[in-house]
Amino acid sequence: MSLLHMNKPFKIQFLGAAGTVTGSRYLLTTLNHKILVDCGLFQGFKELRLKNWDQFPVLPADIDAIILTHAHLDHSGYIPKLIKDGFKGKIFCTKATYALCEILLADAGRIQEEDADWLNRKKFSTHTPALPLFSENEAMKSFEQFVTVNFDETFKLAEDMNVTLKYAGHILGAAIVIVEHHMIRIGFSGDLGRPKDSVFFPPEKMPEIDYLVVESTYGNRQHTQIDPIEEFEIVINEALKKNGVVLIPAFAVGRAQTLMFYLSILKKTGRIQNVPIFLNSPMAMDVTNIFYEFKSLHKLSDQQCKEMSENIQYVRTVDESKSLNNKKGPMIIIAASGMLTGGRILHHLKHFISEPSTTVVFAGFQSEGTRGRALQDGIKEIKIHQKLIPVYADIRVLKNSSAHADYIEILDWLTQSQIKPRRVFVIHGEIEASEKMKTHITEKFGWPCETPKQDQEYILD
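From a predicted model like this one, the values you see are computed outputs, not experimental measurements.

Q: Outline the packing of aromatic side chains, listing residues and values.
A: If you walk through the whole model with that rule in mind, you get 18 aromatic pairs. Ring geometry for Phe-56 and Tyr-78: centres 5.6 Å apart, planes at 20°, overall stacked. Of this pair, Phe-56 sits in the loop between helix H2 (46-49) and strand S4 (65-67) while Tyr-78 sits in the loop between helix H3 (73-76) and helix H4 (79-84), and the two are 22 residues apart along the sequence. The same class applies to Phe-56 as to Tyr-78, namely buried. Through a chain of ring-to-ring contacts, three or more aromatic side chains come together here, namely Phe-14, Tyr-26, Phe-188, Tyr-211, Phe-425 and Tyr-458. The aromatic ring of Phe-42 is capped on one face by Lys-51, whose charged end is 5.5 Å from the ring centroid. Here the guanidinium or amino end of Lys-444 rests over the ring plane of Phe-445, the centre of that ring lying 5.9 Å away.

The following block contains the structure:
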């Protein structure tokens, strides 16, 4: 190590997304600064969710800034709690990420409060009283600390640290993050989009770097080559033949809009029956409007955005949501959350999942420990609102609708980037997926690879 770097050590510590796809938090430390790249919630297994309540490994007041790759809650959802515990720095992200965070974080705070209230009324909590991790007001207050930056414009985070955000695909505003400190550059893939996505452009190439932090959600799997709209058409038509209800759990940011786009095409061209389609997610409605505002970040024309909305019936109020459970099929309901961890989809699932005519269609990754993963794995009973409900519905999984690049697509992206990092850190994947991604990278490029463990720290020299 040079004398320069002995005087100014540069370190990274993995405070989340190590051996799991959730809780993305990466702490960069120099002699004078502490920078957090992503500040996400842990989701899935109870033991992971409980980590959100643990004391943060570093004093929040000692963290100078946060850089966000994108708005999904497993990357941004811990921000209000960190601020609540003393973080006073700025949060840097793209303009679209900020627009989405305004919706996502406020909604997360509202849900936290509603869940705590419900647990207290039902006396289901082991804590008295049950408390939210953060409130809607605390989420709203966090927006005062956001600073938006443009793609490809390098900005100075500190006197000795520069940051650049590059287009990553995946969702609106998602970024690849490049941090440079005293001639050492580390790149974070964030959640990497796909090269032939129907809605988003391919991720930009990674510039020359010394260290790479790369996701591995699909590090052990390859997406099928079937056209995603054609695959969706086949699944929907098979489901509608039963004249039942088609339930589509969907992330309000990203998946919901893509599925609405697919359905608008299929309905417009007569490739599926003209059945009622309901979007039961106020948050997804707000996100859909943001597509108009950031038209340069996706492939959809104004007309396609308009058609996407025209073919859907928006469900806005709680009473309207409840009334859907009194309707008969055939009909299609899209609702959050995408992994069945909460949201309005649970009420529909509780009502319809015991009907053999019902079809549940998964269109995104399902983390370990979630109801979505349990259903995907063939569970025969599902627990919703403290009740066990038998599963007789047909469970279908779309094979080519993910917003995450698979391992082949990541390897291709790395090849096109023409980088030669000194070391690669493989994160944001279940253990098997991360280990397999590590093997793929080592075999193809010969780069030294690590799969960090929770809280493990490395010196970047």
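Q: Outline a nonpolar patch on the surface, supporting the account with residue identities and numerical values.
A: A surface patch of nonpolar side chains, amounting to about 340 Å² of accessible area, comprises Leu-50, Trp-53 and Leu-131. Looking at the element boundaries, Trp-53 is found in the loop between H2 and S4.

Q: Tell me about the pairing of strand S12 (residues 245-249), and name the residues and values.
A: Consecutive residues of a regular strand have side chains that alternate between opposite faces of the sheet. Among the five residues that make up S12, five are buried, leaving the element largely enclosed by the rest of the structure. Alternating residues of S12 divide into Val-245, Leu-247 and Pro-249 and Val-246 and Ile-248, and every residue in both groups is buried. Alignment of S12 against strand S15 (residues 331-335), held across five bridges, turns out to be parallel. Bridge pairing links Pro-249 to Ala-335 in S15. Pairing between S12 and strand S16 (residues 359-362): two bridges, direction parallel. In the sheet register, Val-246 faces S16, and the bridge partner there is Thr-359.

Q: So what's going on with helix H5 (residues 95-122)? Residues and values would help.
A: The end-to-end C-alpha distance of H5 is 41 Å, a good match for the 40 Å that 28 residues give at a rise of 1.5 Å each. Along H5, the largest kink reaches about 30° and is centred on Cys-101.

Q: Break down the pattern of salt bridges for me, with residues and values.
A: Tallied over the full model, the rule gives 19 salt bridges. For the salt bridge of Asp-210 with Arg-422, the shortest nitrogen-to-oxygen distance reads 3.3 Å. A residue pair is termed long-range when its members are at least 10 positions apart, and Asp-210 in the loop between strand S10 (184-188) and strand S11 (211-215) and Arg-422 in the loop between helix H14 (407-417) and strand S20 (423-427) qualify at 212 residues. In this structure Arg-422 comes out as partly exposed when scored by relative accessible area, which is 41%. Overlapping salt bridges, with partners in common, bring together Asp-107, Arg-110 and Glu-136 in one network.

Q: Tell me about unusual backbone geometry, and please be specific about residues and values.
A: With an omega of 5°, the peptide bond running from Gly-329 to Pro-330 counts as cis. Of note, Pro-330 is situated in the loop between helix H11 (318-324) and S15. Residue Ser-337 follows Ala-336 across a cis peptide bond; omega there is 10°. Its place among the elements puts Ser-337 in the loop between S15 and helix H12 (345-352). At Asp-38, a position not held by glycine, the phi torsion is positive, near 70°. Look at Asp-38 and you get buried, because its relative accessible area is 1%. One non-glycine residue, Gln-386, lies in the positive phi region at around 70°. Take Gln-386: it is sitting in the loop between strand S17 (381-384) and strand S18 (387-390). On the accessibility criterion, Gln-386 (42% relative accessible area) is partly exposed.

Reading guide: rules and limits
- Residues numbered from 1 in each chain as written.
- Predicted model: local features only at pLDDT ≥ 70, side-chain atom pairs only at ≥ 80, totals over all residues.
- Heavy atoms only, no water.
- Phe/Tyr/Trp six-rings, centres within 6.5 Å; stacked < 30°, edge-to-face > 60°.
- Helix = DSSP H or I, 4+ residues; strand = E, 2+ residues; numbered from the N terminus.
- Buried < 20%, exposed > 50% of the residue type's maximum accessible area, 1.4 Å probe, protein only.
- Lys NZ or Arg CZ within 6 Å of the ring centre and 35° of its normal.
- Patch = residues over 30% accessible without salt bridge, like charges linked within 9 Å, V, L, I, M, F, W, Y side chains within 5 Å.
- Areas by Shrake-Rupley, 256 points an atom, 1.4 Å probe, with all protein chains shown as cover.
- Salt bridge = Lys/Arg side-chain N within 4 Å of Asp/Glu carboxyl O.
- Pairing = 2+ DSSP bridges.
- Expected span 1.5 Å × (residues − 1).
- Bend = angle between axes of the 7 residues up to and from the residue.

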